[in-house]
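# Per-entry structural report
If you want the building blocks of each chain, they are given just below.
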Amino acid sequence: MPVVQSIDGVFSLYRDRQGPQRYPSGQRPETAGSQPGEPATSPGSVLTAPPQRTGSAGRTRRPVVVARDVMSIPVLTLPASAPLVQAWVAMRSRQFRHLPIVSDSGTIVGMISDLELLHTTQGTEGRVLPPFPLVRDVMTREIITATPETPVKEIIEVMLQEHIEAVPILNDRHHPVGIFTTTDVLRALLDRAPLELWT
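For the structure given in this document, a descriptive report is provided here. (Residues numbered from 1 in each chain as written. Predicted model: local features only at pLDDT ≥ 70, side-chain atom pairs only at ≥ 80, totals over all residues. Heavy atoms only, no water.)

## What to know about the overall build of the protein chain
Scanning the protein chain from terminus to terminus reveals four helices and ten strands. Listed by position from the N terminus, the elements making up the protein chain come as β-β-β-β-β-α-β-β-α-β-α-β-β-α. Taking all 199 residues of the protein chain together, 41% fall into the buried category. Looking at the protein chain alone, contacts between residues at least 24 apart form 56% of all its contacts between residues at least 6 apart. (Helix = DSSP H or I, 4+ residues; strand = E, 2+ residues; numbered from the N terminus. Buried < 20%, exposed > 50% of the residue type's maximum accessible area, 1.4 Å probe, protein only. Contact = heavy atoms within 4.5 Å.)

Here you go:
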């Protein structure tokens, strides 16, 4: 399942803006199946899962392979028609840094971050907002999304390329079912130590 780009609710496959992906020794790694341990079946994936390991306490450690292994659920969303102050209150009270924004039907249409809210309130965005701004007046309409089956490595590569810290995870109806953030990645590394890297 590839990473997807959405602009104003129109979805298309993400295209690497830095040119074709390069791999060590000039060879593309094997691709991983949609489930841990499955044979390679997805030509768009770039992650091969290592075998499961057993920790010192005797418990089996399941490798982090796809987004659903890491993403935070449930995900808090706000409608694009919500007052901007509602986004501020929600993010402050929940200590969130990013919120997916949805249409009345639940389809994702944008994202809003704490930095966007901060810049807006400080007047550094150069925008002229209405007296009572709505979320749609500030949200980012060009977003990167993925599915629960998108390989973690693929998402992280795109996050690094695009300099973003959160990717909404969508179901087949483009409704958010989770969110994948840099904090989730760090938590997974901590919870599943010792750390193992694979290509």
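## Considerations on the layout of surface pockets
Considering only enclosed or pocket space, the second largest pocket measures out at about 480 Å³ in volume. Taken together, 20 residues line the second largest pocket, and the ones lying closest to its centre are His98, Thr140, His163, Ile164 and Glu165. Elements with a minimum of two residues in the lining of the second largest pocket: strand E7 (108–113), helix H2 (114–122), strand E8 (142–145) and strand E9 (166–170). Tallied by class, residues from the lining of the second largest pocket come to eight nonpolar, five polar and seven charged. (1 Å grid on protein atoms, 1.4 Å probe; cavity = no way out; pocket = protein on both sides within 12 Å on 5 of 7 lines; lining within 4 Å. Points joined across faces, edges and corners; volume = space filled by probe spheres on them. Nonpolar A, V, L, I, M, F, W, Y, C, P; charged D, E, K, R; others polar.)

## Thoughts on the sheet that holds strand E6 (residues 98–102)
Strand order in the open sheet formed by three strands is E5-E6-E7, with mixed pairing between adjacent strands. If you trace the sheet from one side to the other, it starts and ends with strand E5 (78–79) and E7, each paired once. (Pairing = 2+ DSSP bridges.)

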